[in-house]
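# Structure at a glance
Chain by chain, the residues:
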Amino acid sequence: MGTQPDLSPKSLDKVRPDFIDHRRYTSAEFARLEMERIWTATWHWACREEEIPAIGDYFVYDIGDQSVILVRTATDRVEAFHNVCPHRGRRLLEGTGKINKFHCVFHAWQWDLSGNNIRVLDREQWQGCPDMTDEDVALARVHVDSWAGFLFINMSDDPEPFDKYIQPAPGDLDFLRMEDMRYCWHKAVKVKCNWKVAQEAFMESYHVWGTHPQFLQYNDDKNFSSAQGRHGKHHWVYELPPGSPSRRLGKPPLSVDETRDNYATLQNVFADQLGLGNGDGQFTARSLNAAEEAVRALPEGTPMDKAMEVGFFAMKEAAEADGAYMPMIPMEQLDTIGHDWNIFPNLSVVWGADGTLIFRGRPDPDDPFNPDAAILDMISLLHFGKGKAPGKKTDHIDNWRQQKELIPKLLQQDLGNVEEVQRGMHSIGLRGLRPNPVQEVQISHFHEVINSYLFGEGGREYDE
Ligand code: FES
Ligand SMILES: [Fe+2]
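Attention here is on the structure that accompanies the text. (Residues numbered from 1 in each chain as written. Chains lettered and ligands numbered in written order. Predicted model: local features only at pLDDT ≥ 70, side-chain atom pairs only at ≥ 80, totals over all residues. Heavy atoms only, no water.)

## Section: the pairing of strand S16 (residues 340-343)
Each regular strand displays side chains that alternate between the two surfaces of the sheet. Burial of the side chains of S16 extends over both faces: Asp-340 and Asn-342 are buried on one face and Trp-341 and Ile-343 on the other. One ladder, built from three bridges, connects strand S15 (residues 231-236) with S16; its direction is antiparallel. Directly across from His-234, in S16, lies its bridge partner Asp-340. As judged from the four bridges shared by S16 and strand S17 (residues 347-351), these two strands associate in the antiparallel manner. Bridge pairing in S17 links Asn-342 to Ser-348. Where S16 folds back on S17, the antiparallel hairpin that results is connected by three residues. (Buried < 20%, exposed > 50% of the residue type's maximum accessible area, 1.4 Å probe, protein only. Helix = DSSP H or I, 4+ residues; strand = E, 2+ residues; numbered from the N terminus. Pairing = 2+ DSSP bridges.)

Laid out in structure tokens, this is it:
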């Protein structure tokens, strides 16, 4: 009799810049270990500050089989607690809402907003019992911190300092002032794939040629990606003027005037492919329309750099007229700033100019240890004009193929890959994954960092 292959999580740790063991995506044991050593041990994004703006507002964040309540306890303070009653374990809250104290509906124990117990019904009957100190009957605290309007939690008892963890992302991304952006749309899509497959769909642009060919006429897709501490980023290479077609199309270089028109058309393509309804998506429709109009009005032969400048200032003027902020890329960072960033483990920031798309894959709370089930959050955050943010509305999409009208066209193409990738991961014909060592560095690095949490030093080797 032949010996059974070793499928313990540790045996699945083979990761190189050009190789990843695919069984990391299909093993239930691996998913359990991720729950134990990543989701309950790392900082990760739970909700936005704007979702709990007033004192007493709460947000329940579910990740795998764990649930955490974030509550605003002062104008500038948010606290977080495990969503469980210390009496007999009932979950306390779900969804979002407003409270002035926590109240368990089972036997009516209560806590103030900072989790201190204010009522144990008939407490005297526990007289003399151990494990009934005030601390024992308080809500169990979860660490919380904030960056760029994102509230992060960490369930470990002794988390690494958040300020260290998040580096070096703020140096590149703070100019966007994401803390002032607001939700435009949020799609919470159930996907039949591992959370890592969902996340990785937004970690590289190597797939643009195959998956999004409609962009190639307007966008040269030369790019590379790099590791950044625990995180990663991706860069476009601007060797051709923006608006030029992909070099892989083998077309002759465009004349200045054609390039100008291509650049203007690209604004339109963004609105059509990534916007919903009025075009709001990765950019505000306000910006896209203003830039397109201004650039098309330029005389023939206007040089490309002039067209870009005119487009940008049209966006800025339109933003100012609307009372909105327009980010300015610091010139000294133009060549080094990442065009999208992936904050470990699951916050992808794919920014445009005055808006950004956010992607987050997470194990499905309804089926937490199923490696083939995840929720993919797809979000648009924008710099709205004064008083114009629509407020957060979530579309819960259980069957995206039947609900395509709710999803921007480009993202339908990405969704079309993830479930088919997951099915392929189960094939006995698959011998491992072969990421591109230039354009898919973020993906192999992602797995190296996962290994560090599962089997190594818990990410500490990535500290600067
Ligand atoms: S379980 Fe909460 S008060 Fe009993
Ligand atoms: Fe894509």
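## Side note on the coordination of the iron ion (ligand 2)
Only His-207 (NE2), His-212 (NE2), Asp-414 (OD) and Asp-414 (OD) from the protein reach the iron ion (ligand 2) as donors, at distances of 2.0 to 2.7 Å. Considered as a linear motif, the donors of the iron ion (ligand 2) on their single chain read H-x4-H-x201-D. Here the residue His-212 occupies a position in the loop between helix H6 (208-211) and strand S14 (223-228), and Asp-414 occupies one in helix H10 (residues 409-425), the gap between them amounting to 202 residues. Residue classification places His-212 among the buried positions, given a relative accessible area of 4%. (Donors = N, O, S within 2.8 Å, 3.2 Å for Na, K, Ca; no water.)

## Notes on the sheet that holds strand S8 (residues 102-103)
With antiparallel pairing, three strands are arranged side by side in an open sheet as S8-S9-S10. For this open sheet the edge positions go to S8 and strand S10 (117-119), each flanked by a neighbour on one side alone.

## Points about the side chain of Asn-194
Looking at where Asn-194 falls in the secondary structure, it is placed in the loop between strand S13 (182-191) and helix H5 (195-200). Assessed through its relative accessible area of 3%, Asn-194 is described here as buried. A distance of 3.0 Å separates a polar side-chain atom of Asn-194 from the backbone oxygen of Pro-371. In this structure, Asn-194 is in contact with Tyr-25, Pro-371, Asp-372, Ala-374 and Gln-422, ignoring residues within four places of it in sequence. (Polar contact = N/O pair within 3.5 Å; in protein donor to acceptor, adjacent residues only side chain to side chain. Contact = heavy atoms within 4.5 Å.)

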